[in-house]
Amino acid sequence: QLDFALEADAAASRARKGGDGAVALLEIAHLTTEAVLFGCDGFAFAGHQFTVLFEFFDQRQIKTAFEMRLMCILGYTPDLQSCAVCGNTEIIEPMFSPKNGIVCCRECRKTGLEATTGLCTDSLKALRYITEAEPKRILAYKLADKPADRAANAAEVYLLTQTGI
């Protein structure tokens, strides 16, 4: 467990010394994943590393990116590209299913896929970006408060639902 903590400290230190905060975020996410897979409490040591990143980025943005990218690393990449029912890529009033990792449009959300988490066009675009962006660009997006809150809520509920934490 100490090795994971030391590596996470080193990633945060590189960010503090002018390194890339987005890369540090992904390093911490990978280390947290490894720690959890090896039976350690990865979240216990990763938490304090984020204080360094908070100097560079909005806390909500970091948390959202961390949670979504962590789920991707664990093999739970959500399917956010199109409505799971009709296939439409231009989703109006998107709803996210934390249980199934899919989105539905307004017309299809009542099909039993448990799409219960409300998004908006901007929050859906941000979640798509986070799951697909190259590591150095993962935090290179901006959202207004309401869409940022919706994206953060979806990421958190997805992580909690899929991991059973």
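Okay, so let's go over this structure. The written sequence of each chain sets the order in which its residues are numbered from 1. Selection of residues for local features in this predicted model requires a pLDDT of at least 70, selection of side-chain atom pairs for listing and counting requires 80 or more, and totals for whole chains, interfaces and linings are taken over all residues. Only hydrogens and water are set aside; all other atoms, that is, all heavy atoms of the structure, feed into the side-chain values.

## Describing the sheet that holds strand S3 (residues 102–104)
Right, so step 1: Within the open sheet, the 4 strands sit side by side as S1-S3-S2-S4. Their pairing is mixed. At either margin of the open sheet sits one strand with a lone partner, and together these are strand S1 (79–83) and strand S4 (117–118).
Right, so step 2: At least two DSSP bridges between two strands are needed for those strands to be called paired. Only DSSP runs of H or I with at least four residues qualify as helices, and only runs of E with at least two residues qualify as strands; both kinds are numbered from the N terminus onward. Across 2 bridges, the pairing between strand S2 (residues 95–97) and S4 is antiparallel. Within the sheet, the bridge partner assigned to Phe-96 lies in S4 and is Thr-117.
Right, so step 3: Of the strands in this sheet, S1 and S3 are in contact with helix H5 (residues 121–132), which crosses S1 at around 135°. What makes two residues a contact is simply this: any of their non-hydrogen atoms within 4.5 Å. All axes here are fitted lines through C-alpha atoms, helices being fitted over the stretch that makes contact, and every angle between N-to-C directions spans 0 to 180 degrees.

## Quick word on the packing of aromatic side chains
Right, so step 1: Ring pairs are drawn from Phe, Tyr and Trp, using the six-membered ring of Trp, whenever the two centres fall within 6.5 Å, and their geometry is named by plane angle: stacked under 30 degrees, edge-to-face over 60, tilted for the rest. The tally for this structure, following the rule as stated, stands at 2 aromatic pairs.
Right, so step 2: Aromatic pair Phe-96 and Tyr-158: ring centres 5.3 Å apart, planes at 75°, arrangement edge-to-face. Within this pair, whereas Phe-96 is found in strand S2, its partner Tyr-158 is found in helix H6 (residues 145–163), the two being separated by 62 residues in sequence.
Right, so step 3: Throughout this description, buried means an accessible area under 20% of the type-specific maximum (1.4 Å probe, protein chains only), exposed means over 50%, and partly exposed covers the range between. Assessed through its relative accessible area of 3%, Tyr-158 is described here as buried.

## Structural notes on the packing of helix H4 (residues 59–73) against H5
Right, so step 1: At a minimum axis separation of 9 Å, H4 and H5 run at an interaxial angle of 55°. By the angle between their directions, the pair H4 and H5 is classed as oblique. Between H4 and H5 lies a crossing whose hand is right-handed. Taken together, the residues of H5 that come into contact with H4 (itself represented by Thr-64, Ala-65, Met-68, Arg-69 and Cys-72) are Leu-127, Ile-130, Thr-131 and Glu-132. Comment on the angle field: the value is read as roughly parallel under 35 degrees, roughly antiparallel over 145, roughly perpendicular from 65 to 115, and oblique elsewhere. In this scheme the handedness of a crossing depends on how the near helix is turned from the far one: anticlockwise by less than a right angle means left-handed, clockwise means right-handed.

## Focus on the nonpolar core
Right, so step 1: In this description, a nonpolar core means a group of buried Ala, Val, Leu, Ile, Met, Phe, Trp, Tyr and Cys residues linked to one another through side-chain atoms lying within 4.5 Å. By size, the foremost hydrophobic cluster in this structure holds 30 residues, and its most contacted members are Met-68, Leu-80, Phe-96, Val-103, Leu-119, Leu-127 and Ile-130.
Right, so step 2: Counting residues per element, the ones that place at least two in this core are H4, S1, S2, S3, H5 and H6.
Right, so step 3: When near neighbours in sequence (up to four residues on either side) are disregarded, Leu-119 contacts Pro-94, Phe-96, Val-103, Leu-124, Leu-127, Arg-150 and Ala-154.

## Some words on the environment of Cys-86
Right, so step 1: Mapped onto the secondary structure, Cys-86 falls in the loop between S1 and S2.
Right, so step 2: Distance from Cys-86 to Cys-104, taken between C-alpha atoms, is 8.2 Å for residues 18 residues apart in sequence.
Right, so step 3: Sequence-distant contacts of Cys-86, defined by excluding residues within four places in its chain, comprise Cys-105 and Cys-108.

## Notes on the packing of H4 against H6
Right, so step 1: Between H4 and H6, the shortest axis-to-axis distance is 9 Å and the interhelical angle comes to 35°. The handedness of the crossing between H4 and H6 comes out as left-handed. Here H4 contributes Arg-60, Lys-63, Thr-64, Glu-67, Met-68, Leu-70 and Met-71 to the contact with H6, which in turn contributes Asp-145, Ala-148, Asp-149, Ala-151, Ala-152, Ala-155, Glu-156, Tyr-158, Leu-159, Gln-162 and Thr-163.
Right, so step 2: Three classes are used: nonpolar for Ala, Val, Leu, Ile, Met, Phe, Trp, Tyr, Cys and Pro, charged for Asp, Glu, Lys and Arg, and polar for all others, with Gly counted as polar. Looking at the contact of H4 with H6 residue by residue, the class counts come to 9 nonpolar, 3 polar and 6 charged.

## Regarding the environment of Leu-159
Right, so step 1: Tracing the chain through its elements places Leu-159 in helix H6.
Right, so step 2: Residue classification places Leu-159 among the buried residues on the basis of a relative accessible area of 7%.
Right, so step 3: Among all residues touching Leu-159, those that are not within four sequence positions of it are Glu-67, Leu-70, Met-71, Gly-164 and Ile-165.

## Quick word on H6
Right, so step 1: Under the 1.5 Å per step criterion, the end-to-end length of H6 is 27 Å for 19 residues, consistent within 8% with the ideal 27 Å.
Right, so step 2: Pro-147, Ala-148, Ala-151, Ala-152, Ala-154, Ala-155, Tyr-158 and Leu-159 are the residues of H6 that are buried. One side of H6 holds all its buried residues, which, seen down the axis, span an arc of 160°. The exposed set on the far side of H6, more than 90 degrees from its buried face, consists of Asp-145 and Lys-146.
Right, so step 3: Looking at the packing, one finds that the buried side of H6 touches H4, S2, S4 and H5.
Right, so step 4: Of the residues trailing H6, Gly-164 is marked for its positive phi of about 70°. To estimate how far a helix should extend, the number of its residues minus one is multiplied by 1.5 Å. For this quantity, the arc is that covered by the directions from the helix axis to the C-beta atoms.

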